[in-house]
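Residue strings, one per chain:
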Amino acid sequence: MGKKVTVVGAGFYGSTTAQRLAEYDIFETVVLTDIIDGKPAGIALDLNQSRAIEGFESKVVGVSTDPATGAGYEAIEGSDVVVVTAGLPRKPGMSRMDLLEVNAKIVRQVAENIKKYAPNAVVIVVSNPVDEMTALAQLATQFPKNQVFGQAGVLDTARFTNFIAEELNVPVASVKALTLGSHGDTMVPVPSRCTVDGKPLSDLLPADKIEELVVRTRNGGAEVVALLKTGSAYYAPSAAAARMAKAVAEDSGVVLPVCAWVDGEYGISGVYLGVEAELGAQGIKKVVEDKLTETELAGLKEAAEAVRAKQADVANL
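Numbering of residues starts from 1 in each chain and follows the order in which that chain's sequence is written. Reporting in this predicted model follows two pLDDT cut-offs: at least 70 for local features of residues, and 80 or more for side-chain atom pairs to be given and counted; totals over whole chains, interfaces and linings ignore these cut-offs and use all residues. To obtain the side-chain values, all non-hydrogen atoms of the structure were included, while hydrogens and water were left out.

Peer 1: Explanation requested: the nonpolar core in the structure shown.
Peer 2: Across soluble globular proteins, nonpolar side chains show a tendency to be buried alongside one another. F149, V258 and L279 are the most contacted members of the largest nonpolar core, which has 55 residues in total. Only DSSP runs of H or I reaching four residues or more are called helices, and only runs of E reaching two or more are called strands; each is numbered from the N terminus. By residue number, the principal contributor to this core is helix 9 (residues 235-249), which donates eight residues. Contacts were defined at the residue level, with two residues in contact if any of their heavy atoms lie within 4.5 Å. Excluding residues within four positions of it along the chain, L279 makes contact with F149, M244, A247, S252, G253, V254, L256, V258, I284 and K285. Throughout, nonpolar core names a set of buried Ala, Val, Leu, Ile, Met, Phe, Trp, Tyr and Cys residues whose side chains join them through atoms within 4.5 Å. Burial status follows relative accessibility: with a 1.4 Å probe on protein chains alone, a residue under 20% of its type maximum counts as buried, one over 50% as exposed, and anything between as partly exposed.

Right, dumping it as structure tokens:
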């Protein structure tokens with residue numbers, strides 16, 4: 001205890017992330033902010049009233065902020081971790097890239113206030129399109145690149161794991177899966193690193209069925225959006241974001257697939273990309289480079305170039 005975490009954005013994603021972080025009971029304070037007057041304070045009050053039932057002591061503080069003046073952001077001062085969920089969610093038929101311009105303005109404003117009030121915080125970006133928004137947040141804060149990273153592979157890997165478990169009718173705990181690359185069309189699920197009870201996935205499913213699960217994983221967010229019809233996924237995404245924040249707060253050194261700055265690993269340099277990384281108190285301790293097949297490596301390099309082009313554009317947004 002004694003640590004402080006902020007979640008920016010009190011929509012379904014942000015409020016659920018704040019709930020998960022509070023229920024971990026490892027933070028003294030969980031700050032939830034939003035531009036809607038009263039909303040974060042109301043959610044905070046509601047969450048605090050659940051403490052006696054769920055058995056946690058973390059205090060949730062809800063603060064409304066003014067995007068024009070930055071008023072209210074002083075509440076995030078001293079945060080060890082800031083999770084940025086602010087931005088518009090997808091609607092049916094929209095791609096993550098359709099959100100680029102509008103969310104860039106929001107994320108830039110948030111990042112500038114993080115720089116002002118919480119310069120030592122590790123920043124975890126989840127706003128879509130996340131690869132580009134992570135790059136933008138680093139540019140706007142001018143924080144060291146290890147101090148800013150994005151949520152991608154933890155969520156996508158969880159989706160892949162779930163689909164494999166359902167297909168084989170096995171417990172999710174028996175499945176080890178991995179996705180790398182971008183959080184979007186150039187996502188790179190890594191079947192060669194997937195096992196079920198220690199057995200290679202390729203021994204249990206034919207190649208065409210694995211590819212079917214890969215495609216479903218790549219479109220996992222859109223599938224949820226289409227079913228909900230209003231808004232996008234938040235239970236699994238918030239679980240992913242909260243788990244990443246927990247790893248930072250505990251300086252755990254756990255290795256997770258995240259959107260991290262890549263500088264030479266896999267022969268790729270100068271881009272934020274979904275790779276495995278060791279997480280700790282300063283953010284990314286190191287990118288973990290592991291064996292990939294030629295096809296998987298080619299997919300990762302293709303994803304890097306696709307993301308690189310878009311990340312170059314965000315500097316002017």
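Peer 1: Would you mind going over the sheet that holds strand 10 (residues 195-196) with me for this structure?
Peer 2: The strands that make up a sheet pair up through hydrogen bonds in the backbone, lying either parallel or antiparallel. Two strands pair under a simple rule: DSSP has to find at least two bridges between them. Spatial strand order, 7-10-11: three strands in an open sheet with antiparallel pairing. Edge positions in the sheet fall to strand 7 (175-176) and strand 11 (199-200), since each has one partner strand and no second. Bridge count between strand 7 and strand 10: two bridges; the pairing is antiparallel. Among the inter-strand pairings, K176 is bridged to a residue of strand 10, identified as T195.

Peer 1: Just checking my understanding: could you explain the pattern of salt bridges for this structure?
Peer 2: One side chain can pair with another of opposite charge once the charged atoms of both are near each other. Each salt bridge in this description consists of a side-chain nitrogen of Lys or Arg and a carboxyl oxygen of Asp or Glu lying within 4 Å of one another. All chains considered together, the criterion is met by eight salt bridges. For R193, the salt bridge is made with D290, and the minimal N-O distance between the two is 3.5 Å. Of this pair, R193 sits in the loop between strand 9 (187-189) and strand 10 while D290 sits in the loop between strand 14 (283-288) and helix 10 (294-314), and the two are 97 residues apart along the sequence. According to the relative accessible area criterion, R193 is partly exposed, its value standing at 24%. Salt bridges linked by common partners bring E167, K209 and E212 together as one network.

Peer 1: Can you walk me through the pairing of strand 1 (residues 4-8) in this structure?
Peer 2: A large share of strand 1 lies buried, amounting to five of its five residues. Side-chain alternation along strand 1 places K4, T6 and V8 on one buried face and V5 and V7 on a second face that is also buried. Where strand 1 meets strand 2 (residues 29-34), five bridges bridge the pair, whose relative direction is parallel. Bridged to V7 within strand 2 is L32. Orient the strands so they point away from the viewer, and a crossover whose first-strand-to-second-strand path over the helix runs clockwise is right-handed. On the question of chirality, the crossover connecting strand 1 to the parallel strand 2 by way of helix 1 (residues 12-24) is right-handed. Here four bridges tie strand 1 to strand 4 (residues 81-84), and the two strands are oriented parallel to one another.

Peer 1: What is the right way to look at the side chain of S58 in this model?
Peer 2: Following the sequence through the fold, S58 ends up in the loop between helix 3 (51-54) and strand 3 (59-64). Pairing of N or O atoms within 3.5 Å defines a polar contact, subject to two protein rules: one partner must be a possible hydrogen donor and the other a possible acceptor, and residues neighboring in sequence count only if both atoms are side-chain atoms. At 2.5 Å, the side chain of S58 forms a polar contact with the backbone oxygen of F27.

Peer 1: Any chance you could explain the packing of aromatic side chains here in plain terms?
Peer 2: For any two aromatic rings, the description comes down to two numbers: the centre-to-centre distance and the angle of the planes. The aromatic pairing rule takes the rings of Phe, Tyr and Trp, using the six-membered ring of Trp, and pairs them if the centres are within 6.5 Å, calling planes under 30 degrees apart stacked, those over 60 edge-to-face and the rest tilted. One pass over the full model with this rule turns up three aromatic pairs. Pairing F12 with Y234 gives two aromatic rings, centres 4.8 Å apart and planes at 15 degrees, and the pair type is stacked. With F12 in helix 1 and Y234 in the loop between helix 8 (220-228) and helix 9, this pair connects stretches of sequence that are 222 residues apart. Ring geometry for Y234 and Y235: centres 4.6 Å apart, planes at 40 degrees, overall tilted. By the ring-pair criterion, three or more aromatic residues cluster together here, those being F12, Y234 and Y235.

Peer 1: Mind showing me how you'd approach the pairing of strand 5 (residues 122-125) here?
Peer 2: Looking along a regular strand, one sees side chains alternate from face to face of the sheet. With burial as the criterion, each face of strand 5 is covered, one bearing V122 and I124 and the other bearing V123 and V125. In terms of strand pairing, strand 4 meets strand 5 through four bridges, oriented parallel. Within strand 5, the residue paired with V84 across the bridge is V125. With three bridges connecting them, strand 5 and strand 6 (residues 148-150) associate as parallel partners. Each bridged residue has a counterpart across the sheet, and for V125 the counterpart in strand 6 is G150. Taken together, strand 5, helix 5 (residues 130-141) and strand 6 constitute a β-α-β crossover, and its handedness is right-handed.

Limitation: the analysis is restricted to geometry and does not speak to function.
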